[in-house]
Amino acid sequence: GKELVARDLAAAQEHKQQQDGKDVGAQDAAGFKKVLVAKYGSLVQAWRKCLDADGNGTLSYPEFATACRSIGYTKSIKRLWKDLDKD
């Protein structure tokens, strides 16, 4: 009855809040960098702890995509990769 509906509603609201929390809000390369600094303290630490997961000094696209998903980036990873890969 009503108790089941209330419990389902509460569970749905909690799930939405968790999903909202995973969207870091970064809209572009500058926002992505801000999120990395906020989470890791600096871009150097973000590189060491998140981006260069295998520690080989380079960043492949699959490694980058995994890192983006792990910090909650929800926009186009391919576009972000292109925006950051200017050389």
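Just so it is clear, the model here is predicted, and its values are computed rather than measured.

Quick notes on the overall build of the protein chain
Here's step 1: A tally of regular secondary structure across the protein chain gives five helices and zero strands.
Here's step 2: In the protein chain, the order of α-helices and β-strands from amino to carboxyl end is α-α-α-α-α.
Here's step 3: A fraction of 40% describes how many contacts in the protein chain between residues 6 or more apart in sequence connect residues 24 or more apart.
Here's step 4: By element, 53% of the accessible surface of the protein chain is carried by carbon and sulfur atoms, the whole surface being about 6,300 Å².

Description of the side chain of Asp52
Here's step 1: For Asp52, the location among the structural elements is in the loop between α3 (43-51) and α4 (61-71).
Here's step 2: Summary of buried charges: Asp52 has no salt-bridge partner, and the nearest side chain of opposite charge, Arg48, is 8.4 Å away.
Here's step 3: Beyond its immediate stretch of four places on either side in the chain, Asp52 contacts Trp47, Gly57, Thr58, Leu59 and Glu63.

What about the packing of aromatic side chains?
Here's step 1: Overall, the coordinates contain four aromatic pairs when judged by the stated rule.
Here's step 2: Both rings, one in Phe32 and one in Tyr73, keep their centres 5.6 Å apart while their planes meet at 80°; by these two values the pair is edge-to-face. Linking Phe32 in helix α2 (residues 29-40) with Tyr73 in the loop between α4 and α5 (77-84), this pair joins segments that are 41 residues apart in sequence. Taken individually, Phe32 and Tyr73 each receive the classification buried, so the pair is uniform in this respect.
Here's step 3: An aromatic cluster is built from Phe32, Tyr61, Phe64, Tyr73 and Trp81, whose rings are joined through pairwise contacts.

Describing α4
Here's step 1: Within α4, the full set of buried residues consists of Glu63, Phe64, Ala65, Ala67, Cys68 and Ile71.
Here's step 2: The positive-phi residue at the C-terminal boundary of α4 is Gly72, with phi of around 95°.

Parameters and conventions
- Residues numbered from 1 in each chain as written.
- Predicted model: local features only at pLDDT ≥ 70, side-chain atom pairs only at ≥ 80, totals over all residues.
- Heavy atoms only, no water.
- Helix = DSSP H or I, 4+ residues; strand = E, 2+ residues; numbered from the N terminus.
- Contact = heavy atoms within 4.5 Å.
- Areas by Shrake-Rupley, 256 points an atom, 1.4 Å probe, with all protein chains shown as cover.
- Buried < 20%, exposed > 50% of the residue type's maximum accessible area, 1.4 Å probe, protein only.
- Lys, Arg positive; Asp, Glu negative; His and termini not counted.
- Salt bridge = Lys/Arg side-chain N within 4 Å of Asp/Glu carboxyl O.
- Phe/Tyr/Trp six-rings, centres within 6.5 Å; stacked < 30°, edge-to-face > 60°.

These figures come from the coordinates and say nothing about function on their own.
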